[in-house]
Amino acid sequence: MKIDIVTLFPDMFLGPFQESIIKRAQDRGLLEIGLHQLRDFTTDRHRTVDDTPYGGGAGMLMKPEPIAAAITSVRRNNPDAKVVLLSPQGEPLSQQLAQEFSAMPGLILICGRYEGVDERVRTTLCDYTVSIGDYVLSGGELAAMVVVDTVTRLLPGALGSSHSAADDSFSDGLLEYPQYTRPVVFNDLAVPEVLLSGNHAEIARWRRQESLVATARTRPDLLKTARLSDKDRSYLSRMEERGQ
Ligand code: 6GU
């Protein structure tokens, strides 16, 4: 998959993309990342990328023409890419959206800065507008890194054979169950007996129940859309009866 990123701060990406899974995916040829300085697509002497908002108000907006020129240029080497604007006004990034992105031949990520981006960029040049959560970042760069990370780990072969993305939190709409490694006792707390039992059916049942408990306590909103069996539902209602 080819991901092109249009940004005023391409150097922000250098560290994060040279480590761990994203580095390995690039080394294995599963992922190709292109970084593009938005200012390179300006035509005036001052390389202007922003301007004041019509109607007044504080701050500056990103002008549409440099972004349009950047998309046109980058598309030549990533012709089937979808264009994604990173903006706090976007739809929330989810594991489902990441899965959709990971199946695409390419992405062009546009990082917003200043107080925002001219609305015509969003409506005429972008296929998606994406936010990574209900808080304000100084720009779309960190959000773009989050998109690249979550999409990369879904590319076939990006995670070693020892890890399955299918087991991760959110893949079935629930939080992951708690995990333990050695030692058996740490800070006076023992690893749950069932995990030492070797009884794989019991372990699977315990893990499912712990996933349901963790989700009900921390993210009850997820239970509305999670894929739940009849057994799951009866476990949750028993828990609720006991007030847990
Ligand atoms: Cl994509 N951009 C900015 N500036 N802030 C955000 C965001 C994006 N997602 C959450 N907050």
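Up top you'll find the structure we're talking about.
The rules we used
Residues numbered from 1 in each chain as written. Predicted model: local features only at pLDDT ≥ 70, side-chain atom pairs only at ≥ 80, totals over all residues. Heavy atoms only, no water. Helix = DSSP H or I, 4+ residues; strand = E, 2+ residues; numbered from the N terminus. Rg over C-alpha atoms; globule rule 2.2 N^0.38 Å. Buried < 20%, exposed > 50% of the residue type's maximum accessible area, 1.4 Å probe, protein only. Areas by Shrake-Rupley, 256 points an atom, 1.4 Å probe, with all protein chains shown as cover. Lys, Arg positive; Asp, Glu negative; His and termini not counted. Charge placed at Lys NZ, Arg CZ, Asp CG, Glu CD. Axes fitted to C-alpha atoms, helices over the stretch in contact; angles between N-to-C directions. Parallel < 35°, antiparallel > 145°, perpendicular 65-115°, else oblique. Left-handed = near helix turned anticlockwise from the far one by under 90°. Contact = heavy atoms within 4.5 Å. Polar contact = N/O pair within 3.5 Å; in protein donor to acceptor, adjacent residues only side chain to side chain. Pairing = 2+ DSSP bridges. Expected span 1.5 Å × (residues − 1). Patch = residues over 30% accessible without salt bridge, like charges linked within 9 Å, V, L, I, M, F, W, Y side chains within 5 Å. Salt bridge = Lys/Arg side-chain N within 4 Å of Asp/Glu carboxyl O.

J.: I would appreciate a short explanation of the overall build of the chain in the present structure.
T.: The secondary structure content of the chain amounts to 9 helices and 9 strands. At 22 Å, the chain has a C-alpha radius of gyration far larger than the 18 Å of a compact globule built from 244 residues. In the chain, which comprises 244 residues, the share counted as buried stands at 40%. Total accessible area computed for the chain in this model is approximately 14,500 Å², and 50% of it derives from carbon and sulfur atoms. The positive charge centre, built from 27 side chains, and the negative charge centre, built from 33, are 2 Å apart in the chain.

J.: What's the story with the packing of helix α7 (residues 200-218) against helix α9 (residues 230-241) in this structure? I'm lost.
T.: When two helices pack together, their arrangement is given by the angle between the helix axes and by the axis-to-axis distance. Packing of α7 against α9 leaves a shortest axis separation of 10 Å and a crossing angle of 55°. Relative to α9, the element α7 is oriented oblique. By crossing handedness, the relation of α7 to α9 is classed as right-handed. Contact residues: α7 offers Arg208, Gln209, Leu212, Val213 and Ala216, while α9 offers Asp232, Tyr235, Leu236 and Met239.

J.: What should I look at first to understand the side chain of Gln37 in this one?
T.: Secondary-structure assignment places Gln37 in strand β2 (residues 32-37). At a separation of 3.3 Å, a polar atom in the side chain of Gln37 contacts the main-chain carbonyl oxygen of Leu8. Only 3.0 Å separates the side chain of Gln37 from the backbone nitrogen of Arg39, close enough to count as a polar contact. When near neighbours in sequence (up to four residues on either side) are disregarded, Gln37 contacts Thr7, Leu8, Pro10 and Arg47.

J.: Help me understand the sheet that holds strand β5 (residues 82-92) in this model?
T.: In any sheet, the strands associate via hydrogen bonds between backbone groups, in a parallel or an antiparallel arrangement. One open sheet accounts for 5 strands, arranged β2-β1-β6-β5-β7; its pairing is parallel. The open sheet has two edge strands, β2 and β7 (128-131), and neither has a second partner. Mean inter-strand twist for the sheet, computed between neighbouring axes without regard to direction, equals 30°. With 5 bridges connecting them, β5 and β7 associate as parallel partners. Looking at β7, one finds that Leu86 is bridged to Val130. Its contacts with the sheet place helix α3 (residues 64-75) against β1 (2-7), β2, β5 and β6 (106-111), and it is angled at close to 160° to β6. Strands in contact with helix α6 (residues 141-152) are β1, β2, β5 and β6; relative to β6, the strand with the most contacts, it is inclined by about 160°.

J.: Where do I start with the environment of Gln26 in this structure?
T.: Of note, Gln26 is situated in helix α2 (residues 20-27). Take Gln26: its relative accessible area is 27%, and that puts it in the partly exposed class. Once the C-alpha coordinates of Gln26 and Lys2 are considered, the two residues, 24 residues apart in sequence, prove to be 9.9 Å apart. Contacts of Gln26, omitting those with residues within four sequence positions, involve Phe17, Leu31 and Ile33.

J.: Looking at this structure, how should I read α7?
T.: The periodicity of an α-helix, 3.6 residues per turn, causes residues three or four positions apart to be oriented the same way. In this model α7 runs 27 Å from its N-terminal to its C-terminal C-alpha over 19 residues, within 8% of the 27 Å that 1.5 Å per residue would give. Listing the buried residues of α7 in full gives Ile203, Trp206, Gln209, Ser211, Leu212, Val213 and Thr215. Contact partners of the buried residues in α7: α8 (220-223) and α9.

J.: Hey, could you run me through a nonpolar patch on the surface in this one?
T.: The grouping of Phe9, Met12, Tyr135, Leu137 and Leu142 at the surface amounts to a nonpolar patch, some 430 Å² of accessible area in total. The residue Met12 is located in the loop between β1 and α1 (14-17) in this model.

J.: I'm lost on the pattern of salt bridges in this one. Help?
T.: It is possible for side chains bearing opposite charge to pair when their charged atoms get close. Evaluation of the coordinates by the stated rule reveals 11 salt bridges. Note that Arg205 and Glu202 form a salt bridge whose closest N and O atoms lie 3.5 Å from each other. Of the two residues, Arg205 and Glu202 are both situated in helix α7; the distance of 3 residues between them amounts to about one turn of the helix. On the accessibility criterion, Arg205 (43% relative accessible area) is partly exposed. Note on Glu202: relative accessible area 33%, which makes it partly exposed. Note that Arg219 and Asp221 form a salt bridge whose closest N and O atoms lie 2.9 Å from each other. On the accessibility criterion, Arg219 (30% relative accessible area) is partly exposed. One salt-bridge network, in which partners are shared between bridges, spans Asp172, Arg208 and Asp232.

These values are about where atoms sit, not about what they do.
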